[in-house]
Amino acid sequence: MSLLNIQGVSKTFPGGTVAVDDFSLDVAAGELVCLLGPSGSGKSTVLRMIGGFERPTAGFVSIDGEEVTHLPPNRRPTGMVFQSHALWSHMNVFRNIAFGLRLRGLPAGEIKDRVEAVLELVGLAGYGRRMTNQLSGGQQQRVALARSLVLEPKILLLDEPFASLDQHLRERLREEVRDIQQRLKITTLFVTHGQDEALSMADRIVVMRNGRTEQADRPEVVYRDPQTPFVAGFIGTMNFVEGVVDKGRFVHDSLSVPLPVADGKATLAVRPEALNLVASEPGQARVNRVTDFGTHGLVDLVLADGTRLKSMVPEPDRFREGQGVDLLPRAFAAFRDDRQLYRTSAHA
Ligand SMILES: Nc1ncnc2c1ncn2[C@@H]1O[C@H](COP(=O)(O)OP(=O)(O)O)[C@@H](O)[C@H]1O
Ligand SMILES: [Mg+2]
């Protein structure tokens, strides 16, 4: 049985904004699910409805078999960490974390033990007496996390908790959160608009768009088998070529690849790492620029009609600006009417 069950939940704000539109999701105990989508796609609103900070206009939320749709936050077994950590600046770290336990009337000795254990867990052992304004941004977010974890919620809700931190710290903290999550086996929903964050942390990614689920799958499936052009373009880099299918071949200018589907318009989608190049004059494309990243090169290409493509190559010095190349897509997907039409099975 799933620990969290969200069924047909919608949220329309006064004024008419439909933030979430018939959203359903089951999350298994111990799972880490990332809600990924552009700004305004309804991620925070979904999370806030799970935590009880927002009331759905339709649908149900159940946790561990109990319906909680209309319960206030403090009567739900959830803990939420927001993007801007609201720590109390007039209290030290210990008291910030102990606050919720005090409200529950726990004995002082047990509070001390639990706060010290959770400080250790988030890598802040010995920081109890510090005032929160004496902490770095990353340390403050660790305190915010500890404050939620100490209450031992069944579900941890994280809303872009590292968005305000720099890249390196963000990467480190997401690894730490993943470690903690796996040690505690705590069911977690993590909101992010960063694909790297989702790909590196999630057991499952829910790609959201306009308040709806576009696709929900394991990270590698979302990357390799996108069901819509939106998912294909939102996660990783994707080359899109518009063309037509004619007698089993996709055709765009001089580019033509076998595509065994019914005739009609189609969009070909090829990852840069799946697009091989061979020198050819005049060629199907022209090299616009070559960037050497050390580990690989990225060749920026332009087709006759101006379509831009990228190809990842192991030896960038084999290509130079202005040169003609033919394109050999090793693996690709094709879309029509906003749905996946075809995908090559081999991922060479
Ligand atoms: N309290 C609110 N009142 C009115 N509109 C809101 C409110 N909160 C969010 N919205 C709107 O709902 C949509 C989804 O917002 P949100 O869930 O915050 O998206 P995300 O977290 O994906 O950026 C947006 O159009 C946003 O402007
Ligand atoms: Mg948000």
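Not measured: the values here are computed from a predicted model.

What to know about the packing of helix 2 (residues 93–103) against helix 4 (residues 137–149)
Packed helix pairs are characterised by how far apart their axes lie and by the angle those axes make with each other.
Phase 1: Direction vectors running N to C along helix 2 and helix 4 enclose 30 degrees, while the axes themselves pass 8 Å from each other. Here helix 4 runs roughly parallel to helix 2, going by the angle between their axes. Judged by the sense of rotation from one axis to the other, the crossing of helix 2 with helix 4 is right-handed. When helix 2 is examined against helix 4, the residues Val93, Asn96 and Ile97 are found in contact with a partner set consisting of Val143, Ala146 and Arg147.
Phase 2: The residue makeup of the contact of helix 2 with helix 4, split by class, is four nonpolar, one polar and one charged.

Considering the domain arrangement of the protein chain
Phase 1: According to the domain assignment, the protein chain contains domain 1 (4–230) and domain 2 (237–343).
Phase 2: Across the contact, eight residues belong to domain 1 and nine residues belong to domain 2.
Phase 3: For the domain 1 and domain 2 pair, buried surface summed over both sides reaches about 880 Å², with 42% attributable to carbon and sulfur atoms.
Phase 4: Three residues, Tyr223, Gln227 and Pro229, lead the burial of domain 1 against domain 2; their summed loss comes to 55% of the area buried on that side.
Phase 5: For the pair domain 1 and domain 2, the number of links is two salt bridges.

Comments concerning the environment of Gln181
Phase 1: Considering the arrangement of structural elements, one finds Gln181 in helix 5 (residues 167–184).
Phase 2: Each C-alpha atom, one on Gln181 and one on Lys310, is 37 Å from the other, the two residues being 129 residues apart in sequence.

What about the sheet that holds strand 18 (residues 308–313)?
Phase 1: Strand order in this open sheet of five strands is 15-19-16-17-18, and the pairing throughout is antiparallel. Lying at the two open borders of the sheet, with one neighbouring strand each, are strand 15 (275–279) and strand 18. Averaged over all neighbouring strand pairs, the angle between strand axes comes to 40 degrees, with direction disregarded.
Phase 2: In this structure, strand 15 lies alongside strand 19 (residues 324–329), joined through five bridges in antiparallel fashion.

Digging into the pattern of salt bridges
Phase 1: What the rule picks out here adds up to 19 salt bridges.
Phase 2: A salt bridge links Arg209 to Glu214; the shortest N-O distance between them is 3.4 Å.
Phase 3: Judged by its relative accessible area of 28%, Arg209 falls in the partly exposed class.
Phase 4: With a relative accessible area of 17%, Glu214 lands in the buried category.
Phase 5: As a salt-bridge pair, Asp338 and Arg209 come within 3.8 Å of each other at their nearest N and O atoms. In this pair, Asp338 sits in the loop between strand 20 (333–336) and strand 21 (339–343) while Arg209 sits in strand 9 (residues 204–209), placing the two residues 129 residues apart along the sequence.
Phase 6: Given the relative accessible area of 43%, Asp338 is considered partly exposed.

Details of the environment of Pro72
Phase 1: In this structure, Pro72 sits in the loop between strand 5 (66–67) and strand 6 (78–81).
Phase 2: C-alpha of Pro72 to C-alpha of Gly283: the two residues are 211 residues apart in sequence and 64 Å apart in space.

A closer look at helix 2
Phase 1: Burial in helix 2 covers these residues: Val93, Phe94, Asn96, Ile97, Ala98, Gly100 and Leu101.
Phase 2: Lining the buried residues of helix 2 we find helix 3 (108–121) and helix 4.
Phase 3: With a side-chain oxygen lying 3.2 Å from the backbone nitrogen of Phe94, the N-terminal cap of helix 2 falls on Asn92.
Phase 4: Gly105 lies just past helix 2 and shows a positive phi near 75 degrees.

Some details on the site of ligand 1
Phase 1: Around ligand 1, the surrounding shell consists of Phe13, Thr17, Ala19, Pro38, Ser39, Gly40, Ser41, Gly42, Lys43, Ser44 and Thr45.
Phase 2: The backbone of Gly42 places a nitrogen or oxygen atom 3.0 Å from an oxygen atom of ligand 1.
Phase 3: The fraction of the free accessible surface of ligand 1 (570 Å²) that becomes covered by protein chains is 59%.
Phase 4: Considering each element in turn, the shell around ligand 1 owes the most residues, three residues, to helix 1 (residues 43–51).

Quick look at the nonpolar core
Phase 1: By size, the foremost hydrophobic cluster in this structure holds 43 residues, and its most contacted members are Ile97, Val115, Leu145 and Leu149.
Phase 2: Setting aside residues up to four positions removed in sequence, Leu149 forms contacts with Val118, Leu121, Val122, Leu156, Ile180, Leu184 and Ile186.

Analysis parameters
- Sequence positions are assigned chain by chain, starting from 1 and proceeding in written order.
- To label them, take the chains in the order written and letter them from A, then take the ligands in the order written and number them from 1.
- Local features in a predicted model are, by the rule used here, given only for residues with pLDDT of at least 70; side-chain atom pairs are given and counted only at 80 or more, and totals for whole chains, interfaces and linings are based on all residues.
- Just so you know, side-chain values use all the structure's heavy atoms and leave hydrogens and water out.
- For helices, the fitted line uses only the C-alpha atoms of the stretch in contact; every axis is such a line through C-alpha atoms, and the angle between N-to-C directions lies from 0 to 180 degrees.
- Here a helix means four or more residues in a row that DSSP labels H or I, a strand means two or more in a row labelled E, and each is numbered from the N terminus.
- Every angle not falling under 35 degrees, over 145, or within 65 to 115 is termed oblique; those three ranges are roughly parallel, roughly antiparallel and roughly perpendicular.
- It is the rotation of the near helix from the far one that decides the hand of a crossing: anticlockwise by less than a right angle makes it left-handed, clockwise makes it right-handed.
- A contact between two residues is defined here by any heavy atoms of the two lying within 4.5 Å.
- Lys, Arg, Asp and Glu make up the charged group, whereas Ala, Val, Leu, Ile, Met, Phe, Trp, Tyr, Cys and Pro make up the nonpolar group; the residues left over, Gly among them, are polar.
- Domain delimitation follows an automatic or database domain assignment.
- Throughout, buried area stands for the accessible area (probe radius 1.4 Å) lost by two parts on being put together, summed over both.
- Think of a salt bridge as a Lys or Arg side-chain nitrogen and an Asp or Glu carboxyl oxygen that are within 4 Å of each other.
- Should DSSP find at least two bridges between two strands, the strands are taken to pair.
- Burial here depends on accessible area, computed with a 1.4 Å probe over protein chains only, as a share of the maximum for the residue type. Under 20% is buried, over 50% is exposed, and the range in between is partly exposed.
- Polar contacts, as counted here, are pairs of nitrogen or oxygen atoms within 3.5 Å of one another; within protein the pair requires one atom able to donate a hydrogen and one able to accept it, and residues that are adjacent in sequence qualify only if both atoms are side-chain atoms.
- When we say a residue is near a molecule or strand, we mean one of its heavy atoms is within 4 Å of it.
- In short, Shrake-Rupley with a 1.4 Å probe defines the accessible areas, and a residue's cover is counted only from the protein chains shown.
- The definition of a nonpolar core used throughout is a set of buried Ala, Val, Leu, Ile, Met, Phe, Trp, Tyr and Cys residues joined through side-chain atoms within 4.5 Å.

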